[in-house]
Amino acid sequence: MSDIVPPEVRPKPAVPAKPPNVGAASPSSPFPPQGLGVGISAPPPSAIPVPIGSHGPGHAGSHGVGHSAGHGVGHAGSHAAPHSGSHGHGGSHSSSGGSTLLGYIGIDTIIEQMRKKTMKAGFDFNIMVVGHSGLGKSTLVNTLFKSQVSRKSAGWARDEKIPKTVEIKSVSHVIEEGGVKMKLTVVDTPGFGDQINNDNCWEPISKYINEQFEKFLKEEVNITRKRRIPDTRVHCCLYFISPTGHSLRQLDIEFMKRLSHSVNIIPVIAKADTMTIEERQEFKQRVRKELEMGGIEFYPQKEFDDDMEDKSDNDKIRETMPFAVVGSDKEYQVNGKRVLGRKTAWGIVEVENPNHCEFAQLRDFLIRSHLQDLKEVTHNIHYETYRAKRLNENGGLHPISSNDTQESNL
């Protein structure tokens, strides 16, 4: 009888402690999770379809494989990438073709941030009116802003002498509308073109414009300068043309030719209600032709059009200019409504009626659509031209003491 040899008893291998996330696929590990059950193998992570915007492999640790062997991979595929970057891969899905950001980041709040900062700082807008006395310059500016922003008297009293040279008078106001504050400065030029001899009558105006550029330049080159430099530069010049119906005067051509490279000139035909509609159209065409023949560029200049959309909009404006306008600060009752207008023996000329004049187009163009562009062209084109010329002349402008700029800082 042979001895029966008992089978060899081998000790069971030690089972390591189960980690808390057992069965979960590590985001950085290329291997499939273990413990899926008999006969079930997990596909590689690259084989699991991950639709954009759903949960990805990084979420599979909290759903899916850990539930049961038969529930595992199929459930992991239905819960893909993390919710808006809160777990897993931090909100980005990497692939060989690059990365696509998922979820809301908040870039669109930049516009709101800029709006809040600019509303706190406020805005500056400086407008100059140039033209003969009696053309309604002050009345038109008051009509534009619906306030008494210009000087009260447009003419001269009997005991007041007409100035021998052009004077520069400026008045500033703070206008608030819809929570937006704007410091409006109206620069008037009484005495322009009122003399018998009008030689070089544009020089005081050109000097004033350059003085404002100089103040801004000196403030910029200071070693210690203000956080926000006061902007007194002229952003817009409304040039009033007499409604003669014939042609421009030589003074009009000389003024616009000499100052068109220093300031944004917008020509307007004053008191357009003195002409018929046919006379107005013929006069406007004649003025545009004379400006083109004289090489005079008025705002908006063609070379400053940024894209095709701006070019299309500005071309329509250039075809309308010069604006034939009527100004009035008196209200009348028309068809049950209070309107601004001028009363005549034949009826009331409504200022804001586009069938009567082009005041509404001028206001929309000047304030509602191109006000910010007027400021940008002044800073980036006219001021930069003056700045480059000054620095080239002096070989660089040295920093100046605070006493020299005390007047400009006021």
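Residues numbered from 1 in each chain as written. Predicted model: local features only at pLDDT ≥ 70, side-chain atom pairs only at ≥ 80, totals over all residues. Heavy atoms only, no water.

Q: Let's hear about the overall build of the protein: which residues, and what values?
A: Along its length, the protein carries 10 helices and 11 strands. When the 410 residues of the protein are sorted by exposure, 36% land in the buried category. Look at the contacts in the protein between residues 6 or more apart in sequence, and 67% of them connect residues 24 or more apart. (Helix = DSSP H or I, 4+ residues; strand = E, 2+ residues; numbered from the N terminus. Buried < 20%, exposed > 50% of the residue type's maximum accessible area, 1.4 Å probe, protein only. Contact = heavy atoms within 4.5 Å.)

Q: Lay out the environment of Glu 167 with the relevant residues and their values.
A: Relative to the helices and strands, Glu 167 is located in the loop between helix H3 (137-145) and strand E4 (169-177). Glu 167 sits in the partly exposed class, given a relative accessible area of 32%. For the pair Glu 167 and Phe 192, spaced 25 residues apart in sequence, the C-alpha to C-alpha distance is 8.0 Å.

Q: Would you mind going over unusual backbone geometry in detail, with residue names and values included?
A: The step from Tyr 299 to Pro 300 runs through a cis peptide bond, and the omega angle for that step is 0°. Assignment of secondary structure puts Pro 300 in the loop between helix H6 (277-293) and helix H7 (308-320). The linkage connecting Met 321 with the following residue, Pro 322, adopts the cis geometry, with an omega of 0°. Of note, the phi angle at Lys 146 is positive, near 50°, even though the residue is not glycine. Topologically, Lys 146 is positioned in the loop between H3 and E4. Of note in the backbone geometry, Asn 200 takes a positive phi value of approximately 55° without being a glycine. As for its position among the elements, Asn 200 is in the loop between strand E5 (180-188) and helix H4 (203-221). Residue Asn 200 is classed as partly exposed on the basis of its relative accessible area, which comes to 39%.

Q: With reference to specific residues and values, describe a positive patch on the surface.
A: A surface patch of like charges, here positive, comprises Lys 116, Lys 117, Lys 120 and Arg 227. The exposure class assigned to Lys 117 is exposed, which follows from its relative accessible area of 59%. (Patch = residues over 30% accessible without salt bridge, like charges linked within 9 Å, V, L, I, M, F, W, Y side chains within 5 Å. Areas by Shrake-Rupley, 256 points an atom, 1.4 Å probe, with all protein chains shown as cover. Salt bridge = Lys/Arg side-chain N within 4 Å of Asp/Glu carboxyl O. Lys, Arg positive; Asp, Glu negative; His and termini not counted. Charge placed at Lys NZ, Arg CZ, Asp CG, Glu CD.)

Q: Lay out the packing of H3 against helix H8 (residues 359-369) in plain terms, naming residues and giving numbers.
A: Packing of H3 against H8 brings their axes to within 10 Å, and their N-to-C directions diverge by 70°. As summarised for this structure, H3 and H8 are arranged roughly perpendicular, according to the angle between their axes. Along this stretch, H3 crosses H8, giving a crossing that reads as right-handed. Counting all contacts with H3, which are made through Leu 140, Thr 143, Leu 144 and Phe 145, the residues of H8 involved are Phe 359, Leu 362, Arg 363, Leu 366 and Ile 367. (Axes fitted to C-alpha atoms, helices over the stretch in contact; angles between N-to-C directions. Parallel < 35°, antiparallel > 145°, perpendicular 65-115°, else oblique. Left-handed = near helix turned anticlockwise from the far one by under 90°.)

Q: Can you explain the side chain of Thr 189? Please cite residues and give values.
A: Structurally, Thr 189 is set in the loop between E5 and H4. We classify Thr 189 as buried; its relative accessible area is 1%. Those residues in contact with Thr 189 that lie beyond four places of it in its chain are Met 128, Val 129, Val 130, Gly 131, Val 166, Glu 167, Ile 168 and Ile 205.

Q: Please set out the nonpolar core residue by residue, giving values where relevant.
A: Counting 72 residues, the largest nonpolar core has Met 128, Phe 192, Ile 205, Leu 238, Phe 255, Ile 266 and Phe 323 as its most contacted members. With sequence-adjacent residues up to four places away left out, Met 128 is seen in contact with Val 187, Thr 189, Ile 205, Tyr 208, Ile 209, Val 234, Cys 236, Cys 237 and Leu 238. (Core = buried A, V, L, I, M, F, W, Y, C linked by side-chain atoms within 4.5 Å.)

Q: So what's going on with the sheet that holds E5? Residues and values would help.
A: Strand pairing in a sheet relies on backbone hydrogen bonds. The paired strands run either parallel or antiparallel. Strand order across the open sheet formed by six strands is E4-E5-E3-E6-E7-E8, with mixed pairing between neighbours. What marks the edges here is a single partner per strand, and that holds for E4 and strand E8 (323-324). Across two bridges, strand E7 (residues 265-269) lies against E8 in parallel orientation. For Ile 269, the partnering residue across the bridge sits in E8 and is Ala 324. Sheet contacts for H3: strand E3 (123-130), E4, E5 and strand E6 (236-241); angle to E5, the most-contacted strand, approximately 175°. (Pairing = 2+ DSSP bridges.)

Q: So, the sheet that holds strand E9 (residues 331-334): which residues are in play, and what are the values?
A: If you trace the three strands from one edge of the open sheet to the other, you get E9-E10-E11, paired in antiparallel fashion. In the strand order of this sheet, the two ends are held by E9 and strand E11 (347-350), each with one partner. Mean inter-strand twist for the sheet, computed between neighbouring axes without regard to direction, equals 70°. As paired elements, E9 and strand E10 (residues 337-344) share four bridges and run antiparallel to each other. Following the sheet pairing, Gln 333 is matched in E10 by Arg 338.

Q: Give me the lowdown on the pattern of salt bridges, citing residues and values where you can.
A: Per the counting criterion, the structure on display carries 17 salt bridges. Asp 305 serves as the salt-bridge partner of Arg 318, at 2.9 Å between the closest nitrogen and oxygen. Placement of the pair is Arg 318 in helix H7 and Asp 305 in the loop between H6 and H7, with a sequence separation of 13 residues. Across the pair Arg 387 and Glu 384 runs a salt bridge, and its minimum N-O distance is 3.6 Å. With a gap of three residues between them, Arg 387 and Glu 384 both fall in helix H9 (residues 371-394), about one helical turn apart. Connected through salt bridges with shared partners, the residues Asp 305, Lys 311, Asp 315 and Arg 318 form a single ionic network.

Everything listed here is a matter of geometry and, on its own, says nothing about what the molecule does.
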